[in-house]
Amino acid sequence: MSEKLALVTGGSRGIGKACALELAKCGYDIVINYAGNTEAANKTIEEIKALGVQAEAYKFDVSNQAEVDENIAKIIEKFGRIDILVNNAGITRDDLFIRMGEDKWSAVINTNLSSAFYVSKPVVKIMMKQRSGAIVNMSSVVGVSGNVGQANYSAAKAGLIGLTKSLAKELGARNIRVNAVAPGFIATDMTKDLTNTEEMMKLIPLKRMGTPEDIAKAVKFLAVDSSYVTGQVLEVDGGLII
Ligand code: NAP
């Protein structure tokens, strides 16, 4: 059992890992989820445990509702509660719209948007019983601005913003806050193969890529520090889409 628990999907690498570590520093026990890279997940678990909290990793596909239901039930049985949910797991399958097949469309919509519906459903039920909770959805600046070659990803990330605002309105009376972070250009495995970085820097007022830790601080603010903030989208992008 846990006194306070945070669940971070896609918490084994990149932004999710930084969020898990930041919340562990606040004293939360941590459950991370991941898709397949068990080595990275195990390494992250060791780093979290070194901060003196409980930590466990659950491998399941967030785009598969049956797998989500089975694993969230196991997590609730083991830890007894979920105080913070970070819906962070995500992928890209970029292509120009005219060339984009249904496979790339569905993979991104299911992994980045439907996943938040699947995971939040059982988590909201336990948060309603607790009469408290905080959810942070990992959107993206392209969910606000759109982007060439990312119709699927932008649509999913815009969908997360709609989900965030609707859930904030539905769940506020139960003392459950729901917010989103919209990261800009962050240095992780997801962006390591991008080639137009110099062009991107010209567009970013702060003249650097963000770090996973930059995003984790915003997640901590929304999930832990704030108490009267709900339904908001916090852009953490060095000023990219001012
Ligand atoms: P990343 O380094 O590629 O890490 C992705 C994480 O998600 C990994 O833990 C991965 O698990 C997990 N994952 C992927 N598909 C999954 C699935 N179907 N089920 C469960 N877990 C899954 O990505 P990142 O850059 O940290 O991005 C994290 C989030 O931030 C994503 O939602 C992304 O869209 C968003 N974001 C990123 C940027 C950026 O510039 N990096 C900008 C805006 C928004 P495995 O390790 O097992 O593969």
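Residues numbered from 1 in each chain as written. Predicted model: local features only at pLDDT ≥ 70, side-chain atom pairs only at ≥ 80, totals over all residues. Heavy atoms only, no water.

Colleague: Honestly, the site of the ligand in this entry has me stumped. Any pointers?
Modeller: Around the ligand there are 31 residues in total, and Arg13, Gly36, Asn88, Tyr153 and Thr188 lie nearest to it. Within the backbone of Ile15, an N or O atom sits 2.8 Å from an oxygen atom of the ligand. In this structure, an oxygen atom belonging to the ligand sits 2.5 Å away from a side-chain N or O atom of Tyr153. Those elements that provide at least two residues to the shell around the ligand are α1 (14-25), β2 (29-34) and α6 (151-171). In terms of residue class, the shell around the ligand is made up of 13 nonpolar, 14 polar and four charged. (Near = heavy atom within 4 Å. Polar contact = N/O pair within 3.5 Å; in protein donor to acceptor, adjacent residues only side chain to side chain. Helix = DSSP H or I, 4+ residues; strand = E, 2+ residues; numbered from the N terminus. Nonpolar A, V, L, I, M, F, W, Y, C, P; charged D, E, K, R; others polar.)

Colleague: Would you explain the pairing of strand β1 (residues 5-8) in this entry?
Modeller: It is a general feature of regular strands that their side chains alternate between the two faces of the sheet. A two-sided burial pattern is seen for β1, the buried positions comprising Leu5 and Leu7 on one face and Ala6 and Val8 on the other. Where β1 lies against β2, four bridges are found, and the strand directions are parallel. Looking at the pairing, Val8 lines up with Ile32 of β2. Crossover β1 to β2 through α1 is right-handed. Here β1 runs beside strand β4 (residues 84-87); their pairing, made up of three bridges, is parallel. Note on β4: the bridge partner recorded for Ala6 is Ile84. (Buried < 20%, exposed > 50% of the residue type's maximum accessible area, 1.4 Å probe, protein only. Pairing = 2+ DSSP bridges. Right-handed = clockwise from strand over helix to strand, strands pointing away.)

Colleague: Can you walk me through the layout of surface pockets in this structure?
Modeller: Rolled over the atoms, a probe as big as a water molecule pinpoints where empty space is left. Taken as a whole, the second largest pocket encloses approximately 180 Å³ of empty space. Partitioning the lining of the second largest pocket into residue classes produces five nonpolar, five polar and two charged. (1 Å grid on protein atoms, 1.4 Å probe; cavity = no way out; pocket = protein on both sides within 12 Å on 5 of 7 lines; lining within 4 Å. Points joined across faces, edges and corners; volume = space filled by probe spheres on them.)

Colleague: Help me out: how do you make sense of the side chain of Ser139 in this one?
Modeller: On the secondary structure map, Ser139 appears in the loop between β5 (133-138) and α5 (142-145). Ser139 sits in the buried class, given a relative accessible area of 2%. One polar contact links the side chain of Ser139 to the main-chain carbonyl oxygen of Lys157, over a distance of 2.9 Å. Other than its neighbours up to four places away in sequence, Ser139 contacts Lys157, Leu160, Ile161, Ala180, Val181, Ala182 and Pro183. (Contact = heavy atoms within 4.5 Å.)

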